[in-house]
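# Structural overview for review
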Amino acid sequence: LETEPEAYERRRAVERKHGRICMIALIGQVVHANGIVFDGYISKSMGLKFSDIDPSCVGGKVLGGLTAIPTAGLVQILLLMGLIELAWLPASDYSGDYGVGWFGEDIEDPEIKARKLNAELNNGRAAMLAVFGNMVGEASTGQTLAESWGDGAILGISLS
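Figured I'd write up the structure that's included with this text. Fair warning: this is a prediction, and the values are worked out from it, not measured in the lab.

Right, let's talk about the side chain of Gln29 for a bit. When you line up the elements, Gln29 lands in helix 1 (residues 5–33). Side chain to side chain, Gln29 and Asn134 meet in a polar contact 3.2 Å long. In this structure, Gln29 is in contact with Ala130, Val131, Asn134, Met135 and Leu145, ignoring residues within four places of it in sequence.

Set out below in structure tokens:
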């Protein structure tokens with residue numbers, strides 16, 4: 001990679017973007033594990049509510065609840081992702097600074113900005129491992145995250 005700095009910067013940008021996605025995904029996993037779901041229908045014509053979709057990977061469902069989402073919904077999600085990727089937050093911007101600031105405030109000091117971007121990169125790495133670990137744990141134990149916490153299995157002890 002020393003001879004290809006452009007390739008290194010591209011990989012770093014992709015790592016940062018994947019980390020951001022995994023931080024959001026981890027929040028989603030924890031929220032769903034606590035039984036919090038959107039109220040209403042994901043597809044009113046099919047009579048499918050958000051609460052009807054099981055987001056876990058239990059029972060060999062590698063993609064979790066993704067397979068329960070109607071095709072039209074998946075197309076909408078993919079189109080939004082494409083719009084964000086190509087127009088709003090392009091992958092060609094390797095700086096990690098997409099101009100949206102930190103909680104709406106721009107960080108002027110380059111040293112502080114670099115420190116915050118590095119912290120975000122490390123938090124993203126931790127989130128990537130956490131999401132993957134949760135998926136593997138659900139698939140191997142047959143318990144959701146909430147069930148593992150509830151009976152102490154996540155701690156390596158049995159409370160039941």
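Moving on, we get to helix 3 (residues 110–141). With 32 residues, helix 3 should cover 46 Å at 1.5 Å per step; its first-to-last C-alpha distance of 46 Å lies within 8% of that length. Those residues of helix 3 lying buried are Leu117, Leu121, Gly124, Ala127, Val131, Asn134 and Glu138. As for helix 3, its buried residues are in contact with helix 1 and helix 4 (145–151). Remark: Gly142 follows helix 3 within two positions and exhibits a positive phi of approximately 80 degrees.

Once that is clear, we can look at the pattern of salt bridges. Taken as a whole and judged by the stated rule, the model has three salt bridges. Between Arg20 and Glu120 there is a salt bridge, with its nearest N and O atoms 2.7 Å apart. Placement of the pair is Arg20 in helix 1 and Glu120 in helix 3, with a sequence separation of 100 residues. It is possible to trace a salt-bridge network through shared partners that takes in Arg12, Glu15 and Arg125.

Criteria and thresholds
- Residues numbered from 1 in each chain as written.
- Predicted model: local features only at pLDDT ≥ 70, side-chain atom pairs only at ≥ 80, totals over all residues.
- Heavy atoms only, no water.
- Helix = DSSP H or I, 4+ residues; strand = E, 2+ residues; numbered from the N terminus.
- Polar contact = N/O pair within 3.5 Å; in protein donor to acceptor, adjacent residues only side chain to side chain.
- Contact = heavy atoms within 4.5 Å.
- Expected span 1.5 Å × (residues − 1).
- Buried < 20%, exposed > 50% of the residue type's maximum accessible area, 1.4 Å probe, protein only.
- Salt bridge = Lys/Arg side-chain N within 4 Å of Asp/Glu carboxyl O.

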